[in-house]
Amino acid sequence: MRHWSLKLKFGVYAATLSFIALLAGAALILPTVYFRQRAELDRQLTQDAGELFRDLENFKGAPVNARSPLGAKFIPLAMQQDRYVIFKGPEGQILYETPGLQTGSFTDQSSGYANAQLGDKHLRVGIFNNPPYHLQVGADLDQLKSMQKDLLAGIALAAPLTALFVFAGGFFLGKYALRPIADITAAAEQISINRLDDRLPMPLSKDEVARLTEVLNDAFDRLKNSYEAAIRFSADASHQLKTPISIMRAGLENLRSEKSLTDSQRDEVDLLLQQTRRLTALILDLLLLAQADSGRLILDAEEVNLSRMLESSIDDLEALTFDKSISITREIPADVLVQIDERRIRLALQNLIENAAKYTPPNGEISIRS
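Quick look at the structure, then. Since we're looking at a predicted model, the values are computed, not measured.

### Side note on the overall build of the chain
Okay, so step 1: Across its full length, the chain carries eight helices and nine strands.
Okay, so step 2: Counting across all 370 residues of the chain, residues that qualify as buried make up 30%.
Okay, so step 3: Put simply, of all contacts in the chain between residues at least 6 apart along the chain, 62% involve residues at least 24 apart.
Okay, so step 4: With an accessible surface of roughly 24100 Å², the chain has 58% of that area assigned to carbon and sulfur atoms.

### Structural notes on the packing of aromatic side chains
To describe a pair of aromatic rings, one takes the distance between the centres and the angle between the planes.
Okay, so step 1: Going through the model one piece at a time under the given rule, you end up with four aromatic pairs.
Okay, so step 2: Ring centres 6.1 Å apart and planes at 85° place the aromatic pair Tyr113 and Phe128 in the edge-to-face group. In this pair, Tyr113 sits in strand β3 (residues 112-118) while Phe128 sits in strand β4 (residues 121-130), placing the two residues 15 residues apart along the sequence.
Okay, so step 3: Residue classification places Tyr113 among the partly exposed positions, given a relative accessible area of 31%.
Okay, so step 4: Overall, the relative accessible area of 13% leaves Phe128 in the buried class.
Okay, so step 5: In textbook terms, an aromatic cluster arises when at least three aromatic residues are bridged by ring pairs, as seen for Phe53, Phe87 and Tyr133.

### So, the nonpolar core
Okay, so step 1: Judged by nonpolar contacts, the single largest core of 23 residues is most densely connected at Phe53, Leu70, Phe87, Tyr133 and Leu135.
Okay, so step 2: Those elements giving two or more residues to this core turn out to be α1 (6-58), β1 (83-88), β2 (94-97) and β5 (133-140).
Okay, so step 3: Of the residues forming this core, the biggest block, seven residues, is contributed by α1.
Okay, so step 4: Apart from the residues within four sequence positions on either side, Phe87 is in contact with Leu52, Phe53, Leu56, Leu70, Gln93, Ile94, Leu95, Tyr96, Tyr133, His134 and Leu135.
Okay, so step 5: Residues Val304, Leu310, Ile326 and Leu349 belong to the second largest nonpolar core, which totals 14 residues.

### A closer look at unusual backbone geometry
Okay, so step 1: Backbone torsion omega between Pro131 and Pro132 reads 10°, so that peptide bond is classified as cis.
Okay, so step 2: In this model, Asn363 sits at a positive phi of 65°, which is unusual for a non-glycine residue.
Okay, so step 3: Structurally, Asn363 is set in the loop between α8 (342-359) and β9 (365-369).
Okay, so step 4: Owing to a relative accessible area of 62%, Asn363 belongs among the exposed residues under this scheme.

### Examining the side chain of Thr98
Okay, so step 1: For Thr98, the position within the fold is in the loop between β2 and β3.
Okay, so step 2: Judged by its relative accessible area of 12%, Thr98 is buried.

### As for the side chain of Thr107
Okay, so step 1: Tracing the sequence through the fold places Thr107 in the loop between β2 and β3.
Okay, so step 2: With a relative accessible area of 17%, Thr107 lands in the buried category.
Okay, so step 3: Within polar-contact distance, the side chain of Thr107 engages the backbone nitrogen of Gln109 at 3.2 Å.
Okay, so step 4: Residues in contact with Thr107, not counting those within four places in the same chain, are Ala114, Val125, Ile127 and Gln136.

### Observations concerning helix α7 (residues 306-320)
Okay, so step 1: If you check α7, its first and last C-alpha atoms are 21 Å apart, about what 15 residues at 1.5 Å a residue would give, namely 21 Å.
Okay, so step 2: Each element contacted by the buried residues of α7 is listed here: β6 (302-305), β7 (327-331), β8 (337-340), α8 and β9.
Okay, so step 3: One side-chain oxygen of the residue at the start of α7 lies 3.1 Å from the amide nitrogen of Ser307, identifying that residue as Asn305.

### Brief notes about the sheet that holds β5
Backbone hydrogen bonds are what pair the strands of a sheet, in a parallel or an antiparallel way.
Okay, so step 1: Taken in spatial order, the five strands make up an open sheet running β2-β1-β5-β4-β3, and their pairing is antiparallel. Strand pairing shows two members of the sheet lacking a second neighbour, β2 and β3, which therefore form its edges. Averaged over neighbouring strand pairs, the angle between their axes works out to 20° when direction is ignored.
Okay, so step 2: Alignment of β1 against β5, held across six bridges, turns out to be antiparallel. Across the sheet, the residue bridging to Arg83 is Ala139, located in β5.

### Focus on a nonpolar patch on the surface
Okay, so step 1: A cluster of nonpolar side chains, namely Phe19, Ile20 and Leu23, defines an oily patch on the protein surface of about 260 Å² accessible area.
Okay, so step 2: In this fold, Ile20 is placed in helix α1.

### Let's talk about the environment of Leu317
Okay, so step 1: Along the polypeptide, Leu317 turns up in helix α7.
Okay, so step 2: Considering only alpha carbons, one finds Leu317 and Ile328, 11 residues apart in sequence, at a separation of 8.7 Å.
Okay, so step 3: Excluding residues within four positions of it along the chain, Leu317 makes contact with Ile328, Ile353, Ala356, Ala357, Ile366 and Ile368.

Reading the values: the criteria
- Residues numbered from 1 in each chain as written.
- Predicted model: local features only at pLDDT ≥ 70, side-chain atom pairs only at ≥ 80, totals over all residues.
- Heavy atoms only, no water.
- Helix = DSSP H or I, 4+ residues; strand = E, 2+ residues; numbered from the N terminus.
- Buried < 20%, exposed > 50% of the residue type's maximum accessible area, 1.4 Å probe, protein only.
- Contact = heavy atoms within 4.5 Å.
- Areas by Shrake-Rupley, 256 points an atom, 1.4 Å probe, with all protein chains shown as cover.
- Phe/Tyr/Trp six-rings, centres within 6.5 Å; stacked < 30°, edge-to-face > 60°.
- Core = buried A, V, L, I, M, F, W, Y, C linked by side-chain atoms within 4.5 Å.
- Polar contact = N/O pair within 3.5 Å; in protein donor to acceptor, adjacent residues only side chain to side chain.
- Expected span 1.5 Å × (residues − 1).
- Pairing = 2+ DSSP bridges.
- Axes fitted to C-alpha atoms, helices over the stretch in contact; angles between N-to-C directions.
- Patch = residues over 30% accessible without salt bridge, like charges linked within 9 Å, V, L, I, M, F, W, Y side chains within 5 Å.
- Salt bridge = Lys/Arg side-chain N within 4 Å of Asp/Glu carboxyl O.

Put into structure tokens, the structure is as follows:
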């Protein structure tokens, strides 16, 4: 996901979160529904038992002897159809049992409610005592389990569909939410050295994006001020250095013309003159860069014979590479006239030639074409 877009990540995260939330909800809902349904079933078993005991007390013709078998006519119809009944007397003798049951007892528990197994059926059993009678009433739990399976199947079907829906919604909401960021990005791409005064558009809403825009604009202001300060320093330093270097160079040239100098002293002065020329070139380079960066570079274009300029530069290159056995090939048309700033083009050619001489290995080849 490292290279995914933010809106795609937003959709995936939202879908994943909704899927997990749905599973967590299912883990909570399924047992809650099951236990509530079972509690309702326990209440119904209690009502069934109460109805049976009331019938035995109130109906005429009810057995007087608590040890006498109980006919099916005293068992409520609903209990005969949907319940499993075991009705016992004082000594535990079976007075009534659902036809075909033949189990004697669902559980050894004396009262309350319990789960029991009847063949392949799962029962919820209520155990009731109304002396001298003992009643066990069982209801089928498979219906509850079947409902649980249906509910689980529904959740399993809804989970991926919900996640897909939430992903689509999250993707488009993320796209809408990130639209201000896209506008900021587009505006920031337009800011360059030539457009340092441009700033990011401030959103109308005062939210986190507006705060980010404000911080970035402040950062651009600081960068602009730092850049302009560096340009001013470079230009000022270049101008300030030109005068003392020019004085040093003039003084060394006058000193070199002295006839009283020995050869070693003259060589030392020549070395110093060479270093001052390098300093002068460096200062001119700094001044050129400062003027170019600040947009104040003025080119003095004039018609120049580029072929002669290249031939002159090649002479310097041959002198620089003489001791490295470097072969120089050239393809230069005669008398190519161009409109250029000769001083600055010569400076660029000089840099190219010095780099070619410096980085070409011995016995190498330098090719010059125009």
